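Chains, contacts and geometry: an overview
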Amino acid sequence: MQTIVIGHRNPDMDSICSAVGYAELKRLSGQTDVIAARAGNTNERIDFVLEQFGVESPVLINDLSPRVSDVMQPKVISVRGDSPVYDALQLIDKKRLRGLPVVDENNRCLGLLSAFKVSHHLFPPREEASAARIVFASLADIVTTFGGSLVTGSLSGQPEEQLLMVGAMAQGSFGPRLQHYRDRKIILFVGDRPHIQRLAIEARVHAIVVTGELPIDEEIRAAARAAGVTMIASPHDTATSVLLSRGAVRVGRMIETDFPSFNPDTLLEEARQLASQSAAFVFPVLAEDGVLVGILSKSDFLREIPRQLILVDHNELAQAVRGAEKVPIIEVLDHHRLGGFASDTPILFWNNPVGSTSTIVALCYQQLGIPIPPQIAGLLMGGLIADTLNLTSPTATPVDCDVLNRLAKIADVNPDELAARIFSVGSPLRTMTPEQAISADCKPYQQDGKRFTVAQIEELTFAHFPEKRDALLRALAEQRRQDGLLFAALLVTDINDQTSLLLIQGEDRFLATVDYPQREPNIWELAGVVSRKKQLLPYLLQCVEKMPASAR
């Protein structure tokens with residue numbers, strides 16, 4: 001079972017650093033197959049901190065919705081299309097299967113062979129019984145199937161239509177019967193009946209199978225060699241030899257080529273719906289080039305998804321990676337408001353009103369008595385500093401201050417110097433497109449059935465804002481239109497002056513509730529507001545509440 005530690009979509013520094021730090025804690029505490037992941041792209045500041053402390057970026061996971069690859073059986077029992085059906089039947093019986101996928105020499109799936117199709121071939125209905133004597137197979141495969149040995153002549157490996165005949169009649173009746181089928185390739189099964197054997201040699205049948213390990217006269221052997229008739233000895237009686245011979249037909253002639261299949265990346269729910277409407281007994285899982293990579297039966301849909309989640313820095317499924325609601329969530333570490341999260345079973349849920357989730361992760365190390373590795377300490381410092389604006393945000397607490405000092409000693413890094421370097425990297429207004437700026441750290445919310453988004457970027461100065469203002473407002477308007485939002489907001493924060501500009505595109509009735517000083521249309525000045533979580537979001541929720549009832 002794989003455990004994935006992951007933050008919210010559009011991850012910020014704290015989301016990335018806390019995921020890496022907590023995944024490492026899980027590994028250090030003895031858990032296996034634990035990975036840190038991210039639900040979106042990093043930015044220049046995050047990349048700087050990861051590089052600064054020599055930590056690789058977490059793996060990108062955009063969607064955790066269960067897929068066919070999660071429950072398919074990767075070890076597939078298959079059969080080659082040029083194999084005798086006898087071999088396939090042995091596999092079906094041994095493994096207690098309802099059928100098998102059939103592949104070519106490159107493991108590309110050609111179709112399905114069902115046990116029903118094989119049984120129909122071996123035991124046809126009465127009205128088709130006369131055709132059962134005709135098999136399309138090579139003489140070599142036929143002999144191999146009943147375990148025979150060559151006496152005279154040669155065994156062709158080329159499949160061809162052959163007529164199976166039993167020499168059980170009297171000599172006077174058998175001669176005319178041979179003549180009736182003289183234009184067919186006849187394989188005669190007969191016991192120690194020299195007269196019948198001679199008639200068959202004179203008629204130049206394709207092959208004579210002498211059954212029951214009975215002796216063959218030297219005179220008969222010589223006559224067969226002279227006539228170019230192949231003679232074969234069978235260790236079985238006539239009835240058994242004929243029955244086994246019918247298993248020499250190659251699998252490729254019995255496959256169902258019109259069969260449903262899935263790709264490993266097919267969504268499991270989509271596959272389940274298609275499978276429920278199909279009468280197929282099994283579903284091949286094929287790569288893009290048709291190569292067989294797995295098999296899926298209807299019972300596989302009941303298998304447990306082999307992964308579970310630990311959410312960090314969020315507890316609202318609207319902010320979580322896509323598909324999170326379909327995967328077991330076993331832990332949540334967060335410092336935001338509760339967003340209506342529910343679970344089917346009790347889980348570890350630590351929601352602590354400190355300045356960062358990185359702070360909580362550091363406290364987890366302390367609680368378990370596990371030393372924090374220096375590179376992880378540095379990483380957690382980055383998350384804490386970014387989320388609390390180096391302890392200047394109103395979200396910062398004495399706990400954050402104490403944790404930051406302890407992390408600084410472990411990492412041997414000065415917090416103020418690290419903060420200065422982090423915030424000097426990559427001005428979002430200068431390095432991002434307007435669309436990237438409003439989505440890089442954007443969180444969706446819902447209140448009274450109304451959906452809205454609030455994004456935030458941090459700058460050292462508003463110097464680049466005037467040239468980006470109009471483009472940012474257009475991007476917000478487009479985001480609101482596409483997602484059907486009550487409003488879309490962007491908080492641009494000057495971390496030096498501890499003030500922010502709030503850009504909002506939304507319904508007029510909502511905009512009318514915003515009572516901060518308006519600098520220009522759709523832009524308000526929020527002096528002293530730097531925290532989306534603790535200052536802006538509660539205010540915006542109050543604005544939603546203040547809207548007239550008809551608007552809400």
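Before going into details, it helps to say that this report is about the structure given with it. Just so it is clear, the structure is predicted and the values come from calculations on it, not from any experiment.

Conventions adopted
- Residues numbered from 1 in each chain as written.
- Predicted model: local features only at pLDDT ≥ 70, side-chain atom pairs only at ≥ 80, totals over all residues.
- Heavy atoms only, no water.
- Salt bridge = Lys/Arg side-chain N within 4 Å of Asp/Glu carboxyl O.
- Helix = DSSP H or I, 4+ residues; strand = E, 2+ residues; numbered from the N terminus.
- Buried < 20%, exposed > 50% of the residue type's maximum accessible area, 1.4 Å probe, protein only.
- Core = buried A, V, L, I, M, F, W, Y, C linked by side-chain atoms within 4.5 Å.
- Contact = heavy atoms within 4.5 Å.
- Axes fitted to C-alpha atoms, helices over the stretch in contact; angles between N-to-C directions.
- Parallel < 35°, antiparallel > 145°, perpendicular 65-115°, else oblique.
- Left-handed = near helix turned anticlockwise from the far one by under 90°.
- Nonpolar A, V, L, I, M, F, W, Y, C, P; charged D, E, K, R; others polar.
- Pairing = 2+ DSSP bridges.
- Phe/Tyr/Trp six-rings, centres within 6.5 Å; stacked < 30°, edge-to-face > 60°.
- Expected span 1.5 Å × (residues − 1).
- Bend = angle between axes of the 7 residues up to and from the residue.
- Lys, Arg positive; Asp, Glu negative; His and termini not counted.
- Polar contact = N/O pair within 3.5 Å; in protein donor to acceptor, adjacent residues only side chain to side chain.

As a further point, take the pattern of salt bridges. For the structure on display, the rule yields 21 salt bridges. In this structure, R469 and E520 form a salt bridge, with 3.1 Å as the shortest nitrogen-oxygen distance. Remark: E520 occurs in strand 22 (residues 518–520) and R469 occurs in helix 18 (residues 465–483); sequence separation between them is 51 residues. One salt bridge in this structure joins E507 and R509, with 3.8 Å as the shortest N-O distance. Of the residues examined, R509 reaches a relative accessible area of 43% and is grouped as partly exposed. Among the charged side chains, a salt-bridge network with shared partners connects D63, R67 and R322.

Formed by 50 residues in total, the largest nonpolar core has its most connected members in V5, Y22, V49, L407 and I422. Listing elements by their share of this core, those giving two or more residues are helix 1 (13–28), strand 2 (34–38), helix 2 (44–52), strand 15 (307–312), helix 12 (357–368), helix 13 (374–388), helix 14 (398–411) and helix 15 (415–423). Apart from the residues lying within four places of it in its own chain, the contact partners of V49 are M13, C17, L379, G382 and I422. Listed in part, the 26 residues of the second largest apolar core include V143, F146, L244 and V249.

Now for the packing of helix 1 against helix 13. Axis separation between helix 1 and helix 13 bottoms out at 8 Å; the angle between their running directions is 150°. In terms of axis orientation, helix 1 runs roughly antiparallel to helix 13. Considering the relative orientation of helix 1 and helix 13, their crossing is left-handed. Counting all contacts with helix 1, which are made through M13, D14, C17, S18, V20, G21 and E24, the residues of helix 13 involved are I376, L379, L380, G382, G383, A386 and D387. Looking at side-chain class alone, the contact of helix 1 with helix 13 contains 7 nonpolar, 4 polar and 3 charged residues.

With that settled, consider the sheet that holds strand 20 (residues 487–494). Ordered in space as 18-19-20-21-23-22, the 6 strands form an open sheet in which the pairing is mixed. The open sheet terminates on both sides in strands that have one partner only, identified here as strand 18 (442–447) and strand 22. Each adjacent strand pair in this sheet contributes to an overall mean axis angle of 25°, direction not counted. Both strand 20 and strand 21 (residues 499–506) contribute to a ladder of 8 bridges, which runs antiparallel. Across the sheet, the residue bridging to A488 is Q505, located in strand 21. Contacting strand 18, strand 19 (450–459), strand 20, strand 21 and strand 23 (523–527), helix 20 (residues 532–546) runs over the sheet at an angle of about 150° to strand 19.

This part covers the environment of M381. Topologically, M381 is positioned in helix 13. By relative accessible area, M381 is classed as buried at 0%. For M381 and D63, which are 318 residues apart along the polypeptide, the C-alpha to C-alpha distance reads 29 Å. Each residue touching M381, except ones within four places of it in the same chain, is listed here: L404, L407, A408, A411, V413, P415 and L418.

The next thing to look at is the side chain of E160. Within the secondary structure, E160 is located in strand 9 (residues 160–166). Beyond its immediate stretch of four places on either side in the chain, E160 contacts V135, F136, A137, S138, K185 and H206.

A separate point is the packing of aromatic side chains. For the coordinates displayed, the defined rule picks out 6 aromatic pairs. Summarising the aromatic geometry, the rings of F487 and F510 are spaced 4.0 Å apart at their centres and angled 5° between planes, so their arrangement reads as stacked. Placement of F487 in strand 20 and of F510 in helix 19 (residues 508–511) is noted, with a sequence separation of 23 residues between them. Comparing F487 with F510, the two get one shared label, buried.

Moving on, we get to helix 18. A rise of 1.5 Å per residue sets the reference length of helix 18, with its 19 residues, at 27 Å; its end C-alpha atoms lie 25 Å apart and thus fit the reference within 8%. At A471, helix 18 shows its maximal bend, which comes to roughly 30°. Two residues or fewer after helix 18 comes G484, characterised by a positive phi angle close to 65°.

Positive phi values are uncommon outside glycine, yet L389 reaches one of about 50°. By the element assignment, L389 lies in the loop between helix 13 and helix 14. Residue Q498 is not a glycine yet carries a positive backbone phi of 55°. Note that Q498 resides in the loop between strand 20 and strand 21.

Our next topic: the side chain of D313. For D313, the location among the structural elements is in the loop between strand 15 and strand 16 (329–334). Buried charge without a partner: D313 forms no salt bridge, and the closest opposite charge is K443, 4.6 Å away. Engagement of the side chain of D313 in a polar contact is seen with the side chain of T357, the distance being 2.8 Å. Once you skip the residues sitting within four places of it in the chain, D313 turns out to touch H8, D12, D14, S15, S18, L333, D334, H335, H336, T357, D387 and K443.

A separate point is the environment of T238. Relative to the assigned elements, T238 resides in helix 10 (residues 238–245). Separated by 200 residues in the primary sequence, T238 and I438 place their C-alpha atoms 82 Å from one another. When residues no more than four places from it in sequence are discounted, the contact partners of T238 are V166, F189, V190, G191 and T211. Side-chain polar atoms of T238 contact the side chain of T211, separated by 2.7 Å.

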